[in-house]
Amino acid sequence: MNFDFSDDQKLLQQTARDYLTEQAPLSVCREILEGDQPFKKELWAGAAEMGWLGTVIPEEYGGAGFGHLELAMIAEELGRSLAPIPFGSSVYCASEALIKAGTDEQKKKYLPQLANGERIGTFALTEKPGQNDVESITAKVAGGQLSGTKMPVADGDVADFAVVAAVGDKGLSLYLVDLDQSGVRRTALQALDPSRSIARLDFDNAEATLLGEEGQGAALASNLLDRAAVLMAFEQLGAAQACFEATREFTLGRYAFGRPVASFQAIKHRLADMWCELEMARSNAYYGAWALSGEEPELPMAACIARIQATEALDLISLEMIQMHGGVGYTWEYDCHLFYRRAKALGAALGSLAAWKDKLVDRI
Amino acid sequence: MDFNDTPEEAAFRAEARSWLDANADLKKAGDAAADVLGERATPEIVKQAQAWQKKKADGGWACLTWPKEYGGRGVTPIQNVIWNQEESRYNTPPNIFGIGLGMCGPTILTHGNEEQKKRWIPEMMTGQKIWCQLFSEPSAGSDLAGLRSTAVRDGDDWIVNGQKIWTTGAHFCEWGILVVRSDPNAAKHAGLTYFVVDMNSPGVEIRPITQINGGQGFNEVFFTDVRIPDSQRLDAVGNGWQVALTTLMNERASIGGGSGADFGELINLAKSVEINGRPALEDSAVRQQIARFYTRSKGVAMTGNRTLSALSQGKTPGPESSLGKLVGAKNAQDMAAFAMELQGAAGMTLDPNETPAQGEWQGRYLGIPGLRIAGGTDEILRNIISERVLGLPPESRADKGIAFKDIPTGPPSR
Ligand SMILES: Cc1cc2nc3c(=O)[nH]c(=O)nc-3n(C[C@H](O)[C@H](O)[C@H](O)COP(=O)(O)OP(=O)(O)OC[C@H]3O[C@@H](n4cnc5c(N)ncnc54)[C@H](O)[C@@H]3O)c2cc1C
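Residues numbered from 1 in each chain as written. Chains lettered and ligands numbered in written order. Predicted model: local features only at pLDDT ≥ 70, side-chain atom pairs only at ≥ 80, totals over all residues. Heavy atoms only, no water.

Engineer: Whenever I open this one, the overall build of chain B confuses me. Can you help?
Structural biologist: Each helix and strand in chain B was counted, giving 11 helices and 10 strands. On C-alpha atoms alone, chain B measures out to a radius of gyration of 23 Å, which is about the 22 Å that the 2.2 N^0.38 rule sets for 414 residues. If you line up chain B on its principal axes, its C-alpha atoms span 75 × 50 × 45 Å. Burial statistics for chain B: of 414 residues in total, 46% are counted as buried. Here the analysis covers contacts within chain B between residues at least 6 apart in sequence; of these, 72% occur between residues at least 24 apart. (Helix = DSSP H or I, 4+ residues; strand = E, 2+ residues; numbered from the N terminus. Rg over C-alpha atoms; globule rule 2.2 N^0.38 Å. Buried < 20%, exposed > 50% of the residue type's maximum accessible area, 1.4 Å probe, protein only. Contact = heavy atoms within 4.5 Å.)

Next up, the structure:
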């Protein structure tokens, strides 16, 4: 048994951490959160230059041709730095969809530019609040023309194209839709976590090309969500780890009643519980990575437990972070709310916790 | 990253499996669940367990990690885990030797002299002599070093007086490990000495204690002028705390400790009972709960796999392994309560003929509180994690730097 990452993979992770410590301290996340820019362009260019965007894209399409274990290591570090770039949308979702289901022609058209960062992709699935299934999707494609609304779409305001789930002649299917065309109206939405942008996309007879087999959209979307869930679990894990470390450090340095706040058992025991949640999130994420990298039959189950535990751990730790900071934790000035917001952005992005729990029961 | 054995591990597993195939039957559905607290150890079961242990020892499959010169096999910890994984697939008598082989043996091997090792280890290994742990007292559990039983030197002997409590298996054990206070004027941890005691010595009285589930796995043990020869002292006088720490570290190292949770069973139950005229398994509140239990149970198991990988790389697992019992026992308790909740009013029955799964969930519900206390309570495990893993400040203490007899105390718990 070797349920661990290899030395090479850990080295890759360390390189990513060093780079991000330098290029993406939390002040960069805050700059996007407070400013008008939708994402940090220099960091996006840097991620392309480091080869991260094309980690799992095959070499023949301009990528690095690594596996998902390597990508997981990078995702964890991006999560740790709360990197304000559309990495999840473009890499875990759009690139995965093309690698998995694209024709050679589609791969040639999109993958090289996804790998070098010239194009950004995203995944447009949900249409309205409360929607967690694909059966109720109403967007339609007829004669290669897409009409309908997708809301919210992560990075929909900055993406060049989207993988869109819509009902075609043979039922639910996935389509590639370029977003810079007259049949598409994009509206940027206010985000709970403004360090990540989201949009509403209205399609009115927009040109759409089939991705994957027609009528197989439900199965394909489900598989893509599983793949993205594993990778995003690493991003959540990285964020949770950073959040936990910062909280531990703060409570050690902050004094009350003549002693460090971290010496009170009410705080110690909660930190111990947070650590347990974090460790289990790590363990389940590793299991997901193992299942994804080997295309194991356990992937549907492994994706669920990775997603659920990562979401619960980050939710808990990010809200305890504020609580354990006291008053400063509630200020705009302190970074606690960056994690608190990101926790919910990542936790909602691929469908609610309840939806993943519901899926899991069918997959046990 | 993979779950495969290395070639050496695979060869070892195959060897273990072939011996087990020749000597035991594979488990099948309906076999009795593991008896972690030794509550069902009737004299008949004790005999069966001893016979199985003897067979293993004769075949060279007992105490695998112990040195060869004392009858062990000198294998790596990971090979030992492989053996445990394989053995657990077979229907074998309950393991009533956990305390002896998991804690007493390693302590004697670490702190005993040559004569002591030769005297106790072989009989322990073959299961012919069973051992118990006489640590806790009415006034000393979590705070073990607060114990009050005394030992006074008398020539070549020591004379022991006092009371031990919660002693699992004392009623079928020949030997016990015992920590007592040999110097009440010394500071708390400095006044302790560690002995091995013959449970049949005059002056030892064992009284069973009935647990909340009606079982009698543990006992109180009274010592009245019990003579223990000095040759049965482990390590130096006053060094008892160091020896006890070895025992307690081995208690933690006996990893595994799965929640015993069987999700097939829980899903079957949720299929067989109804909510609003439909199988409970279709109810969304039920699904949310099952998913949570499953995710946590996998979280514990996968964390265990990370520990095994560390073992496999030659590292020693430390206080991080406290996670397994802390999360696992509570999760198992919540699951049992939930399974009873699913049964509606029938949740209050225990009658095996009228209760789903023959009342197994109710049985677990009554048994699991013991798991959250034995071998370090949830709270003590949180202290261990916060102090030893996370490096947070220790508890402020009212018992430092003064003689033991001057430390404030309340009445004993029992
Ligand atoms: C089924 C079972 C089998 C056992 N078998 C054995 C055995 O074979 N041999 C043996 O020697 N002992 C045995 N024990 C005893 C066990 O080790 C003790 O019960 C345990 O250590 C707790 O001690 P206590 O019962 O004195 O409770 P206490 O220590 O009095 O604890 C009472 C409560 O106070 C909490 N508490 C105590 N200290 C702290 C602290 N510092 N911070 C926060 N909370 C604290 C505890 O968590 C608990 O909730 C067994 C117990 C059980 C339940």
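Engineer: Can you help me understand the packing of aromatic side chains in this one?
Structural biologist: The description of an aromatic ring pair uses the distance of the two centres, along with the angle that the planes make with each other. Following the criterion strictly, the structure yields 26 aromatic pairs over all chains and no others. Seen in terms of ring centroids, F257 of chain A and F264 of chain A are 6.3 Å apart; in terms of plane orientation they differ by 90°. Their pairing is edge-to-face. By way of ring pairs, the aromatic residues F3, F5, F234, Y286, Y287 and W290 of chain A together with F3 of chain B are connected into one cluster. Taking NZ or CZ as reference, K41 of chain A lies 5.1 Å from the ring centre of F39 of chain A, over its face. (Phe/Tyr/Trp six-rings, centres within 6.5 Å; stacked < 30°, edge-to-face > 60°. Lys NZ or Arg CZ within 6 Å of the ring centre and 35° of its normal.)

Engineer: Where do I start with the site of the ligand in this structure?
Structural biologist: Residues and elements named next belong to chain B. Near the ligand you find 19 residues, and of these S142, W166, T168, T377 and E379 are the closest. One of the backbone nitrogen or oxygen atoms of W166 is found 2.9 Å away from a nitrogen atom of the ligand. Looking at the shell around the ligand, its residues break down into eight nonpolar, 10 polar and one charged. Counting the residues that make up the shell around the ligand, at least three belong to each of domain 2 (132-239) and domain 3 (256-389). (Near = heavy atom within 4 Å. Polar contact = N/O pair within 3.5 Å; in protein donor to acceptor, adjacent residues only side chain to side chain. Nonpolar A, V, L, I, M, F, W, Y, C, P; charged D, E, K, R; others polar. Domains from an automatic or database assignment.)

Engineer: Hey, could you run me through the domain arrangement of chain B in this one?
Structural biologist: Where interface size is given, it is often the accessible area lost as the parts come together that is meant. When its domains are assigned, chain B resolves into domain 1 (9-96), domain 2 (132-239) and domain 3 (256-389). Spacing between the C-alpha centres of domain 2 of chain B and domain 3 of chain B amounts to 33 Å.

Engineer: Help me understand the interface of chain B and chain A, please; the structure alone is not making it clear to me.
Structural biologist: With 46 residues of chain B in contact, the opposing surface of chain A contributes 42 residues. Here chain B meets chain A over a buried area of about 4,100 Å², counting both sides, of which 63% is carbon and sulfur. A per-residue breakdown of the area chain B buries against chain A is headed by M1, R287 and R306 of chain B, which together make up 20% of the total. Scanning the region where chain B abuts chain A turns up eight salt bridges. Residues R287 of chain B and D358 of chain A are paired through a salt bridge, measuring 2.7 Å at the closest nitrogen-oxygen approach. Our count for the contact surface shared by chain B and chain A stands at 23 residue pairs in polar contact (both at pLDDT 80 or more). Within the residue set of the side of chain B that touches chain A, elements represented by two or more residues are α7 (263-272), α8 (284-312), α9 (322-342) and α11 (378-389) of chain B. No other element matches the 18 residues that α8 of chain B contributes to the side of chain B that touches chain A. Among the residues making up the side of chain B that touches chain A, the classes are represented as 20 nonpolar, 13 polar and 13 charged. (Buried area = accessible area lost by both parts, 1.4 Å probe. Salt bridge = Lys/Arg side-chain N within 4 Å of Asp/Glu carboxyl O.)

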